[in-house]
Each structure stands twice: as C-alpha cells, then as structure tokens.
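Inside the fold
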Amino acid sequence: PGNNGQKGSRGDTGPPGRPATGSGTGVAVKGQKGERGEGRTGPKGERGPPGRASASTTPGPPGLPGGSGPAGPPGPAGPQGPEGPTAIQSGLSTTSLQQEMIELDTAIEALESTMFRNVQKTENDTKHMEIEIDVLRQYMNTMSKSILEVQRTVSSLTRAGAPPPCPELACPSPLKPLMPCPCRSPLGLEDGRIRDDQMTGSSSLLGSMSAGAEGRLNTGKSWVPLTLQGEYLEIDFLQLLNVTGVIIQGKANTDYWVKGYTLSYVDDSGAWQQIMDYTGKRVKRCTGNNDVSTPIVCALDCEAPIRTRSIRIHPTSYNIYIAMRAEILGCE
C-alpha cells in the first residue's frame, strides 16, 4: 500500500478584535476567535516497490509415483501351427523301454570310461615322448664328445708317426645305437604311487629319515641332507622292477641343486651294487642340473635294464648345497 499523506498546514490567524469606541475607560472586548483553518490533504503517496523473491533455490520433494494403470486387453490368438506327422504306433512295452534305458546308460558309462583311459594314455604318451627327447639330446651330446675324443686320439697318433687306430676313422662307437625305449615311464615318485615310507634319506636337515619323501619331482619341497658327503636318497619299490633312468631337479626358489651323481641298486643276493657304464668297468656318472627347475634325465641301458627292488641316488657334486627332487624311470 502507498504511504500516508502529509499533515495539513495550520490555518491562518483570524483578524484582531475591534477596539471600544466609547469614552472612559473602556473594557477591551476580546476579539472573536478566528475561524479554524482547513488543512489540505497531502498528495497520495507513491506505490511501494514489489516484494523481494525468496532466496531459496531448493526444489520441493518429488511427487509420489502414480499407481499402475489397468492391464491392457489380451492380444489376438496366434495362427494355428502346421499339422504334425502321423504318430507311429509303438509296439514297445513300458518294461522294454526301461530295459533299453538301462542298456543305454551302461553304454554311455562304458564310452566315458574309454574316453578317460584314452586321455590318460595320451598324457602318458606325451610325457614318455618328452623323456625320450631329453634322452636323445643327451645321447647326441655324449656322441659329440666321443667323436672329439677319437679325433684328438687320431691326430695325436698321426703326429707321432703311428698309423691311425681305425682305417679312415671308422672306429666303432662306444655308444650303442639309440632306439626308442618302451620301458621308460615314471614309476610313481611324482604322482604319489610310491608312498612316503618307501623313500628314505641317509640324513635330513629336518632331522627325520622319512624326510626323503620330500624329494619328489615337480613339487615345492626337496630332499636336503644334513651333510655334503656320503649322502643318498633311497627308493624301495616293494617289488622287482626294471629301471632304465633317473630324473632330478634342484630345490625350488633356491640356488641349491645336484650337478652330478652315481647310482646303486640291490641285487638278487640283497647286496648293494654300483651301476656301471657301457664298459662294465667304470662307475656310471650321471650329469645333473644347471638350475633348480629343469628336469635332467640320466638314461640307463634300455636293452639290459637294471632289475631291482631298491635304488639309491648318490650326489657327488652340487651347487652351494645338496638339494634334490627325483623321479625313477622304468617299467614292470
């Protein structure tokens, strides 16, 4: 609303009273009261400014969701499908169907069993092939060394004026021709077929003879003897088996491994005998590891395998300390 008008100004003073006209002491007559002035109403005040808008910009809460609408009308029915083939009248009874189901289940079980055996055979064949490849590589390395030895011998004799030991270097090789060996499969250290009580260490840092059971190929543990001389890892097969090779590894996550070793076995009389090389006069010395993880095979004669109940692995050289994981190769 507008402001109130200003207060009107005061009215003018009326004229003075008339003096007395008679002689004598007159009495002054009080003049009449002036008329009351009329104040003028002030002009109308100006309209005030509009009110200020609220400073809050926060929106109010959302409204409640509306209720679901009514269900729509059902759609029209689909077209009718084509007519199916005429059913064949079955002559089978409920009993015969049940019998067929049993026979089908039996056939499925037999098929699954065959497939499982085939998968296992494939895995075993693959492992056997890998072992044979390692053996072949070692054979080639040994053959190369043998050839170099013969060449050095012939060269030395030629310089001395002696005739060569063999015509045109046709010297017989000290190595037998290498043939695939069907009797070179893992005998059970890695997969646990050989139990812990069948593996014995001559000593152990763990203070237990049964700690030899930790010397299994491709495991996180390892056999570690108490000393560095005269130690061995013994495996008892509990039956006579043909032994055609040994695989060893070092101790995982360390710098400990066996660089060389010899082998011994129990003969028919129960005595321990050292395994000899191809000459039959020298102890066979197996080449070991150059690292902790690579499996290295020491192959024995496949045509004349060592038939024994027990075998020992004797470390002869090592890197920093003796530590070994092993597997024995052979067959029944």
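Just so we're clear, the structure is a prediction, and the values are computed from it rather than from any experiment.

To continue, consider the overall build of the protein. Each helix and strand in the protein was counted, giving one helix and nine strands. Each helix and strand of the protein, placed in order from N terminus to C terminus, yields the pattern α-β-β-β-β-β-β-β-β-β. Buried residues in the protein amount to 26% of all 332 residues. Considering only contacts in the protein between residues 6 or more positions apart, those separated by 24 or more positions represent 75%. On the protein, roughly 24,400 Å² of surface is accessible, and the fraction owed to carbon and sulfur atoms is 55%.

With that settled, consider the packing of aromatic side chains. Tallied over the full model, the rule gives one aromatic pair. Judged by centre distance (6.2 Å) and plane angle (55°), the ring pair of tyrosine 256 and tyrosine 321 falls under tilted. Of the two residues, tyrosine 256 sits in the loop between β3 (233-249) and β4 (257-266) while tyrosine 321 sits in the loop between β8 (306-319) and β9 (325-331), which places them 65 residues apart along the sequence. Since its relative accessible area comes to 31%, tyrosine 256 is described here as partly exposed. Across the ring face of tyrosine 232, the terminal group of arginine 312 is positioned such that the distance to the ring centre comes to 4.1 Å.

So, on to the state of the cysteines. Under the criterion given, the structure shown has three disulfides. With a sulfur-sulfur separation of 1.8 Å, cysteine 181 is cross-linked through a disulfide to cysteine 302. Around the S-S axis, the bridge from cysteine 181 to cysteine 302 shows a dihedral of about 75° and counts as right-handed. Linking cysteine 181 in the loop between α1 (94-159) and β1 (185-186) with cysteine 302 in the loop between β7 (296-299) and β8, this pair joins segments that are 121 residues apart in sequence. Judged by relative accessible area, which is 23%, cysteine 302 ranks as partly exposed. Between the sulfur of cysteine 183 and that of cysteine 331 lies a disulfide, 2.0 Å long from S to S. Its torsion about the S-S bond being -100°, the disulfide of cysteine 183 and cysteine 331 is classed as left-handed. Highlighted residues: cysteine 183 in the loop between α1 and β1 and cysteine 331 in strand β9, separated in sequence by 148 residues. Residue classification places cysteine 183 among the buried residues on the basis of a relative accessible area of 8%.

Before going further, it helps to spend a moment on the pairing of β3. Counting buried positions along β3 yields 14 of 17 residues, so the element is predominantly enclosed. As paired strands, β3 and β8 are joined by seven bridges and run antiparallel to one another. Bridge pairing in β8 places leucine 241 opposite threonine 308. Examined bridge by bridge, β3 and β9 share seven bridges and lie antiparallel to one another. Counterpart to isoleucine 247 in the pairing with β9 is glutamate 327. Here four bridges tie β3 to β7, and the two strands are oriented antiparallel to one another. From the neighbouring strand, glycine 245 faces β7, where its bridge partner is alanine 299.

Let's shift gears to the nonpolar core. Counting 28 residues, the largest nonpolar core has Ile235, Phe237, Tyr261, Leu263, Ile313 and Ile328 as the members making the most contacts within it. Looking at this core, the elements that each hand over two or more residues are β3, β4, β8 and β9. In contact with isoleucine 313, not counting residues within four places along its chain, are Glu231, Tyr232, Leu233, Ile235, Val246, Tyr261, Thr262, Leu263, Met324, Ala326 and Ile328.

Okay, unusual backbone geometry next. Non-glycine residue asparagine 218 carries a positive phi angle of around 60°. Looking at where asparagine 218 falls in the secondary structure, it is placed in the loop between β2 (199-201) and β3. A residue is classified by how much of its surface remains accessible, and asparagine 218, at 43% relative accessible area, is partly exposed.

Cut-offs and rules
Within each chain, residues carry numbers counting from 1 in the order of the written sequence. In keeping with the predicted nature of the model, local features appear solely for residues at pLDDT of at least 70, side-chain atom pairs appear and are counted solely at 80 or more, and the whole-chain, interface and lining totals rest on all residues. Hydrogens are left out, water is left out, and the side-chain values use all remaining heavy atoms of the structure. Runs of H or I in DSSP of at least four residues are treated as helices and runs of E of at least two as strands, each being numbered from the N terminus. Buried, partly exposed and exposed residues are distinguished by accessible area as a fraction of the type maximum, computed with a 1.4 Å probe on protein chains only: under 20%, between the cut-offs, and over 50%, respectively. Whether two residues are in contact is decided by their heavy atoms, any of which lying within 4.5 Å being enough. Only the protein chains shown count as cover for residues, with accessible areas throughout obtained via the Shrake-Rupley method and a probe of 1.4 Å. In this analysis, rings of Phe, Tyr and Trp, with Trp reduced to its six-membered ring, are considered paired at centre separations within 6.5 Å, and the interplanar angle assigns stacked below 30 degrees, edge-to-face beyond 60, and tilted for intermediate values. In this analysis the charged atom, NZ for Lys or CZ for Arg, is taken to sit over a ring once it is within 6 Å of the ring centre and within 35 degrees of the ring normal. Cysteine sulfur atoms that pair up within 2.5 Å are treated as a disulfide. Strands are treated as partners if at least two bridges between them are detected by DSSP. Nonpolar cores were defined as sets of buried Ala, Val, Leu, Ile, Met, Phe, Trp, Tyr and Cys residues, with membership established by side-chain atoms within 4.5 Å.

Such coordinate-based values are descriptive only and should not be taken to indicate function.
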